[in-house]
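Below, each chain spelled out in residue letters.
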Amino acid sequence: FQQGQYEKAIEMAREGIRQLGTQNSPDYVRDFHELISDAYTQLGQTDSALLHLQTTQIMNDSLFKAERELAIQQMEVDYAGRQKETENQLLKSELALIQQQVANWTNISIGLFAALFFAFGWGFTLYRNNIVKKRMNDQLETKVAEQTSDLREANKQLTQVNYELKTLNYVA
C-alpha cells in the first residue's frame, strides 16, 4: 500500500487469486482477500471491504474446519494404530499362553507315557518272576517228591534191615 496505490494492490491481489485458484492454495487466497478488504477499507468502499472480509472469514472457517478434520482424522488413525497395537499384544499374549499350554500338555503326555511304560515293564517283570517262581516251585516239588519217594524206599529198606537184624538177634 505504499504511496496510496490501493487500486493497483486490489488489481494485483485479484490476479493472484485468479492464478492461485487452480493451484489449491487456500491460505494465499485468503490472504489476498484480506489484502483486498484492507485496500477497499482505505478507499472508503466499505461494502466491497465487507464482502472480501466475509470471504476471508469464510475461508478462515473452512481452513479451520479442514485443519480440525485433518486433526480428527490423525487422532482416529493414531487411535486405530494404538488399538491394533493393543490387539497385537493381546494376540501375542494369547499365542504365548497357547504355546505354554501345548508345552504343558506335551510334558504331561510324555510323563504319562513314561509312567505307563514303567508300569508295563514292572508288571511284565512281576509276571516273568511269577512264571519263573512257579517253574522253580514245580521243579522243587518234583525233587521233594522224588527225594520223599527215595527216603520212603530207603526207610522201607532200613525197616526191613532192622527187622532182619532184630530177628537175627533173637535167633542168635
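Residues numbered from 1 in each chain as written. Predicted model: local features only at pLDDT ≥ 70, side-chain atom pairs only at ≥ 80, totals over all residues. Heavy atoms only, no water.

Q: Can you walk me through the environment of H52 in this structure?
A: If you trace the backbone, H52 turns up in helix α3 (residues 46-171). In this structure, the C-alpha to C-alpha distance between H52 and E7, residues 45 residues apart in sequence, is 15 Å. Leave out the neighbours within four places in its chain, and H52 touches R14, H33, I36, S37 and Y40. (Helix = DSSP H or I, 4+ residues; strand = E, 2+ residues; numbered from the N terminus. Contact = heavy atoms within 4.5 Å.)

Q: In this structure, what is going on with the side chain of S37? I would like to understand it.
A: Inspection of the secondary structure puts S37 in helix α2 (residues 26-43). Not counting residues within four places of it along the chain, the set of residues in contact with S37 comprises A49, H52 and L53.

Q: Got a minute to help me understand the nonpolar core in this structure?
A: Generally speaking, nonpolar side chains in soluble globular proteins are found buried as a group. If you look at the biggest cluster of nonpolar residues, it comprises eleven residues: Y6, I10, A13, I17, L20, V29, I36, A39, Y40, A49 and M59. Elements represented by at least two residues in this core include exactly α1 (6-20), α2 and α3. Per element, the largest residue contribution to this core is five residues, and it comes from α1. Excluding residues that lie within four positions of it along the chain, M59 makes contacts with P26, V29, R30 and H33. (Core = buried A, V, L, I, M, F, W, Y, C linked by side-chain atoms within 4.5 Å. Buried < 20%, exposed > 50% of the residue type's maximum accessible area, 1.4 Å probe, protein only.)

Q: When you look at the packing of α1 against α2 in this model, what are you seeing that I'm missing?
A: The relative placement of two packed helices is expressed as an angle between their axes plus a distance between the axes. Contact geometry for α1 and α2: axes closest at 9 Å, N-to-C directions at 160°. The pairing of α1 with α2 is recorded here as roughly antiparallel in orientation. Both α1 and α2 take part in a crossing whose hand is left-handed. Touching Y6, E7, I10, A13, R14, G16, I17 and L20 of α1 are Y28, V29, F32, H33, L35, I36, A39, Y40, Q42 and L43, all from α2. A per-class count over the contact of α1 with α2 returns 13 nonpolar, three polar and two charged. (Axes fitted to C-alpha atoms, helices over the stretch in contact; angles between N-to-C directions. Parallel < 35°, antiparallel > 145°, perpendicular 65-115°, else oblique. Left-handed = near helix turned anticlockwise from the far one by under 90°. Nonpolar A, V, L, I, M, F, W, Y, C, P; charged D, E, K, R; others polar.)

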